Amino acid sequence: MENSVRVRYAPSPTGPQHLGGVRTALYNYLFAKKQKGTFIIRIEDTDQARFVEGAENYMLESLKWCGIIHDEGPGVGGDYGPYKQSERKHLYRQYADQLIESGHAYYAFDTPEELEAMRDRMKASGIPNPQYGAATRDYMKNSLVLPHDEVKSRLANGDQFVIRIKMPRKEEIKLQDLIRGWVVFQSSQLDDKVLFKSDGMPTYHLANVVDDYLMKITHVIRGEEWLPSAPLHVLLYKCLGWEDVMPKFAHLPLILRPDGNGKLSKRDGDRLGFPVFPLNWTDPETKENSVGFRERGFFPEAFANMISLLGWHPGSVQQELFSMEEMIQLFTIEHIGKSGAKFDFEKAKWFNHEYMKKADSHILAAEFKTILAEKNISDTDDHIVAICNSLKQRCTFVSEFWDNSFYFFTEPIQYDEQIVKKKWSEKTKAIMKELRSLLSAQSDFSFSALDSFLHSFVQEKNLTTGDVLPVLRIMLSGTKNGPAVFEIASLLGKEKSLARIEKAEIEFDKLILA
Ligand code: GLU
C-alpha cells in the first residue's frame with residue numbers, strides 16, 4: 001500500500017483545542033477514511049515554553065468523544081512512532097546539519113540584546129518590521145560572517161546558538177494548494193526562521209517537515225493560519241532533497257465569529273454565551289472554567305455533523321444531516337470552500353434538536369433519571385421513556401427536560417393566572433365537570449383515543465377547541481406550554497388526570513374570587 005493516503009492531525013499541546021482544531025482533525029479523518037488511507041495523530045510538543053498540562057489528554061478525549069478515531073498515534077502506536085515530537089528529539093539534528101552542509105542553513109550566535117539592537121537600527125532607518133534575513137544576516141553574528149575557526153570554537157565551548165534557514169534573496173516559491181489553487185510567495189518577504197535551538201529541540205517548522213517526511217504523509221490538511229509557513233516548508237522539502245515526495249497541501253478556511261467579523265475565539269464564546277471548546281476545560285494556571293459542547297448537552301454526532309459543515313458541503317444534495325458514515329462517503333477536498341465559515345450557535349442548537357428527535361428514548365430516559373433522582377423523584381422506566389418520547393420532540397438538550405415535564409411528576413401548585421382569569425366562568429366550569437364525568441367512563445387513555453375523545457366532545461357540545469383545551473391544559477399541568485393536551489392526559493393517566501381536573505375546579509374558583 002505504498003501509495004495510499006496518509007494524513008495527520010498535528011496539534012501542539014499549548015491549550016485546549018477549540019472547535020476549529022476538531023474540524024481540522026475531522027476533515028483529515030474523513031479524507032483518510034474515504035480514501036481507505038491512514039489517519040495519524042502526532043503531538044507537536046517542541047515548544048516547551050508553551051506546554052500546557054492536560055492539553056494533550058484533553059485533545060485526545062475530545063476526538064474520541066466525536067468519534068474521530070486515529071489509526072496511528074498516541075495510545076495506539078504504529079510503524080512510524082514515536083508520535084510525540086519530544087520523544088523523537090534525537091531525530092532532527094541530523095537534518096539541520098544536512099542543511100548546514102548543503103549551505104541552506106547556518107549557525108547564529110546572536111544574543112537577545114544583539115537581536116534587539118538590530119531591530120532598533122533597522123526601525124531607525126525606516127524599516128517597520130525588521131527581520132533576520134537576506135538584508136540583515138551579513139551584519140550579525142553567524143557562521144556566514146564569522147571566521148570558520150571562531151564558529152568551531154564557539155560550538156566546542158557550548159555557546160548558545162540557533163540554526164537558521166538561509167532564505168534565498170529573491171526567489172519565487174510556489175505551491176499548489178488543493179483548496180486555493182496556486183499560491184505564490186516571494187522569498188524576499190520571508191525571514192531566516194529558526195529551525196533548531198541549542199537546547200536540542202527543533203522548532204515547529206523543521207520538526208513538522210521532517211516528521212511529515214518520515215511518516216510518509218501524503219496530504220497536509222490544516223488551518224489557514226499555517227499558509228504563511230507553507231513556503232518555508234516547501235523550501236525545506238527542496239533543500240532536503242525530498243521534493244518528489246512532498247505532500248499535497250490543503251489550507252482550510254477560518255471559522256468566523258457569528259457576525260463574520262474575524263476569527264472565532266474563546267472571547268466571542270464568553271461574550272455571546274456559547275461554548276467554543278468541545279469539552280469542559282479548566283485552565284491549570286488561572287483555574288478559569290470553560291464549558292464544553294459536551295457538557296452543554298450536545299450529542300457528539302450532532303457536534304461532528306455541525307462542525308463538518310463549517311467550510312464543507314457535499315454540494316449536489318440539499319441535506320444537512322449526515323452520519324459519520326455518510327460524511328465519509330461524501331467527503332472530498334474539492335468541496336471545501338475558500339472563504340471563512342461563520343459559526344452560528346442557533347444553527348448548532350438546530351443540529352442538536354434534530355439529533356434529539358432521533359435519539360433513543362431509553363438512552364435519554366437513563367440520563368433524565370439521574371436528574372430526577374437529584375430531585376428525589378422516582379418513577380417507572382416505562383413512564384419515563386414515554387415522557388422522553390414526547391420531550392424529545394420539543395427540547396434541544398436533556399437539561400431542558402425537567403422544566404418541560406415537571407408536571408408529570410409533581411402536582412401543579414400554581415396555575416397560569418392569566419389564562420384562568422380569562423377563561424374560567426360558570427359556563428366553563430359546567431363544561432369541565434361534564435368533561436370529567438365523560439372522561440371517567442373512558443377506558444382507553446392512549447394518545448389517539450384521547451385525541452378523538454376531545455375532538456368529538458368539542459364538536460358535540462358545539463364548542464370550539466379554544467373553549468376547552470387551554471383550560472384543560474392548565475388544569476392538568478398548571479402551565480400553558482407543553483405537548484398536545486391529549487398527550488399530557490395520556491401520560492398522566494386516567495386517575496391523575498381526573499384528580500387534577502377536580503382539584504383545579506376548586507382552585508380556579510379561589511383564584512377568580514381572589
Ligand atoms: N502543530 C501545529 C498546530 O498546532 C500543526 C500545524 C500543521 O498541521 O502543520 O496546529
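The paragraphs below set out a description of the structure included in this document. Note that residues are indexed from 1 along each chain, following the sequence as it is written. For this predicted model, a pLDDT threshold of at least 70 governs which residues receive local features, and a threshold of 80 or more governs which side-chain atom pairs are given and counted, while totals over whole chains, interfaces and linings are taken from all residues. Side-chain descriptors were evaluated using all non-hydrogen atoms of the structure, hydrogens and water having been removed beforehand.

Regarding the overall build of the chain
Helix and strand assignments follow DSSP, with helices taken as H or I runs no shorter than four residues and strands as E runs no shorter than two, numbered in order from the N terminus. Assigned secondary structure in the chain consists of 21 helices and 13 strands. The globule rule used here is 2.2 Å times the number of residues to the 0.38 power, and the radius of gyration it is set against is calculated over C-alpha atoms. Against the globule reference of 24 Å for 514 residues, the chain gives a C-alpha radius of gyration of 33 Å, more extended than a compact globule. Taking the principal axes of the C-alpha coordinates as reference, the chain spans close to 110 × 50 × 35 Å. The contact definition used throughout considers only heavy atoms, calling two residues in contact when any of these lie within 4.5 Å. Across the chain, the fraction of contacts at a sequence separation of at least 24, relative to all contacts at a separation of at least 6, is 72%. Only the protein chains shown count as cover for residues, and all accessible areas are computed by the Shrake-Rupley method using a 1.4 Å probe. As presented, the chain carries roughly 25,000 Å² of accessible surface, and 50% of it is formed by carbon and sulfur atoms. When charges are tallied, Lys and Arg are placed among the positive residues and Asp and Glu among the negative ones, while His and the ends of the chain are skipped. In this description, the location of a charge corresponds to atom NZ of lysine, CZ of arginine, CG of aspartate or CD of glutamate. Placing the 65 positive and 72 negative side-chain charges of the chain at their respective mean positions leaves the two points 3 Å apart.

Overview of the site of the ligand
Any residue with a heavy atom lying within 4 Å of a molecule or strand is counted as near it. Around the ligand lies a shell formed by Arg8, Ala10, Pro11, Ser12, Glu44, Tyr204, Asn208, Arg222 and Trp226. The separation between a nitrogen atom of the ligand and a polar side-chain atom of Glu44 is 2.6 Å. The separation between an oxygen atom of the ligand and a polar side-chain atom of Trp226 is 3.3 Å. Burial of the ligand by the surrounding chains reaches 85%, relative to a free accessible area of 300 Å². We place a 1 Å grid over just the protein atoms. Points where a 1.4 Å probe fits but has no way out form a cavity, open points with protein on both sides within 12 Å along at least 5 of 7 lines form a pocket, and any residue with an atom within 4 Å of a point lines it. Placement in a cavity or pocket follows one criterion, namely that more than half of the molecule's atoms lie within 2 Å of its grid points. Here the ligand occupies the largest pocket. Tallied by class, the residues present in the shell around the ligand amount to four nonpolar, two polar and three charged. A 3.5 Å cut-off defines polar contacts: any pair of N or O atoms within that distance qualifies, except that in protein one atom must be a possible hydrogen donor and the other a possible acceptor, and neighbouring residues in sequence count only when both atoms are side-chain atoms. When residues are sorted by character, Ala, Val, Leu, Ile, Met, Phe, Trp, Tyr, Cys and Pro go into the nonpolar class, Asp, Glu, Lys and Arg into the charged class, and all the rest, Gly among them, into the polar class.

A word on empty space enclosed by the protein
Grid points are joined across faces, edges and corners, and a volume is the space filled by probe spheres set on the points. Taken as a whole and assessed by the stated rule, the structure comprises one cavity of 30 Å³ or more. When its volume is computed, the largest cavity comes out at roughly 30 Å³. In terms of lining residues, the largest cavity is bounded by Leu439, Leu450, Leu454, Leu472, Leu476 and Ala489.

Quick notes on the pattern of salt bridges
In the sections that follow, a salt bridge refers to a side-chain nitrogen of Lys or Arg positioned within 4 Å of a carboxyl oxygen of Asp or Glu. Counted under the stated rule, the structure contains 33 salt bridges. With a closest N to O distance of 3.0 Å, Arg154 and Glu150 form a salt bridge. Of the two residues, Arg154 and Glu150 both sit in helix H5 (residues 148–157), four residues apart, roughly one turn of that helix. Relative accessible area decides the class of each residue, using a 1.4 Å probe on protein chains only: under 20% of the type maximum gives buried, over 50% gives exposed, and in between gives partly exposed. Residue classification places Arg154 among the buried residues on the basis of a relative accessible area of 17%. Across the pair Asp509 and Lys429 runs a salt bridge, and its minimum N-O distance is 2.4 Å.

With respect to the sheet that holds strand S4 (residues 162–165)
The pairing criterion for strands is at least two bridges between them, as found by DSSP. Read across the sheet, three strands follow the order S3-S4-S7 without closing on themselves; strand pairing throughout is antiparallel. Strands at the two margins of the open sheet, each flanked by one partner only, are strand S3 (105–108) and strand S7 (194–197). Here the average twist between neighbouring strands, direction ignored, is 25°. Bridge analysis of S3 against S4 gives four bridges, and the strand direction is antiparallel. Bridging across to S4, Ala108 finds its partner in Val162. Orientation is described by lines fitted to C-alpha atoms, with helices fitted over the stretch in contact, and by angles between N-to-C directions that extend from 0 to 180 degrees. The sheet contacts of helix H3 (residues 93–101) involve S3, S4 and S7, and relative to S3 the element is tilted by about 105°.

Considering helix H4 (residues 112–124)
Multiplying 1.5 Å by the residue count of a helix minus one yields the expected span of that helix. Look at H4: 18 Å from first C-alpha to last across 13 residues, which is about the 18 Å you get at 1.5 Å a residue. Taken as a whole, H4 has its buried residues at Leu115, Met118 and Met122. Taken around the axis of H4, the buried residues stretch over an arc of 60°, which confines them to a single face. Facing away from the buried side of H4 by more than 90 degrees, the exposed set consists of Pro112, Glu113 and Ala124. Tucked inside the fold, the buried residues of H4 contact S4. Just downstream of H4, Gly126 is the residue with a positive phi angle, here 95°. Each direction from the helix axis to a C-beta atom contributes to the arc, which is the arc of those directions.

Overview of the environment of Tyr80
Looking at where Tyr80 falls in the secondary structure, it is placed in the loop between helix H2 (55–66) and H3. For the pair Tyr80 and Phe274, spaced 194 residues apart in sequence, the C-alpha separation works out to 39 Å. Those residues in contact with Tyr80 that sit more than four places away from it in its chain are Arg6, Glu72, Arg88, Leu214, Met215 and Lys216.

Comments concerning the pairing of strand S5 (residues 172–177)
Of the two faces of S5, the one holding Ile173, Leu175 and Asp177 is buried and the one holding Glu172, Lys174 and Gln176 is not buried anywhere. Strand direction decides the pairing type here: S5 and strand S6 (residues 181–186), joined by six bridges, are antiparallel. When the bridges of S6 are listed, Leu175 appears paired with Val183.

Regarding the packing of helix H1 (residues 19–34) against helix H10 (residues 300–308)
Angle between the axes and distance between the axes are the two parameters that describe a pair of packed helices. Relative to each other, H1 and H10 sit at 85°, their axes nearing to 9 Å. Classed by the angle they form, the pair H1 and H10 counts as roughly perpendicular. Taking contact as the criterion, the partners of Leu19, Val22, Arg23, Leu26 and Tyr27 in H1 are, on H10, Phe303, Ala304, Ile307 and Ser308. Split by residue class, the contact of H1 with H10 holds seven nonpolar, one polar and one charged. Convention used here: angles under 35 degrees read as roughly parallel, angles over 145 as roughly antiparallel, angles from 65 to 115 as roughly perpendicular, and any remaining angle as oblique.

Regarding unusual backbone geometry
Glycine aside, residues mostly have negative phi angles, and peptide bonds mostly take the trans form. Looking along the chain, the bond that leaves Gly81 and enters Pro82 is cis, with omega of -10°. Topologically, Pro82 is positioned in the loop between H2 and H3. Backbone geometry places Lys36, a non-glycine residue, at a positive phi of 55°. Residue placement: Lys36 occurs in the loop between H1 and strand S2 (38–41). If you check the backbone angles, Lys287 has positive phi at about 65° while not being a glycine.

As for the layout of surface pockets
Of the volumes computed, that of the largest pocket is approximately 1,100 Å³. Residue lining of the largest pocket: 42 residues in total, with Pro11, Ser12, Thr14, Glu225 and Trp226 positioned closest to the centre. Taken together, the elements giving at least two residues each to the lining of the largest pocket come down to strand S1 (6–9), H1, H2, helix H6 (204–214) and strand S8 (219–223). A total of four residues in the lining of the largest pocket trace back to one element, the largest contributor, which is H1. Tallied by class, the residues present in the lining of the largest pocket amount to 18 nonpolar, 12 polar and 12 charged.

Topic: the packing of aromatic side chains
Stacked, tilted and edge-to-face are the three classes assigned to paired rings of Phe, Tyr and Trp, where Trp is represented by its six-membered ring and a pair needs centres within 6.5 Å; plane angles under 30 degrees give stacked, over 60 edge-to-face, the rest tilted. Following the criterion strictly, the structure yields 31 aromatic pairs and no others. On the numbers, 5.5 Å between centres and 35° between planes, the contact of Trp65 with Phe303 is tilted. On the criterion of sequence distance, the pair formed by Trp65 in helix H2 and Phe303 in helix H10 is long-range, its members being 238 residues apart. Across the pair, exposure class does not vary: Trp65 and Phe303 are buried alike. Three or more aromatic residues joined by ring pairs form one cluster here, namely Trp65, Phe274, Phe293, Phe298, Phe303, Phe343, Phe345 and Phe397. Lys174 extends its terminal NZ or CZ atom over the ring of Trp182, reaching a point 5.6 Å from the ring centre. Charge-over-ring contacts are defined here by two conditions on Lys NZ or Arg CZ: a distance within 6 Å of the ring centre and an angle within 35 degrees of the ring normal. Taking NZ or CZ as reference, Lys347 lies 4.5 Å from the ring centre of Trp350, over its face.

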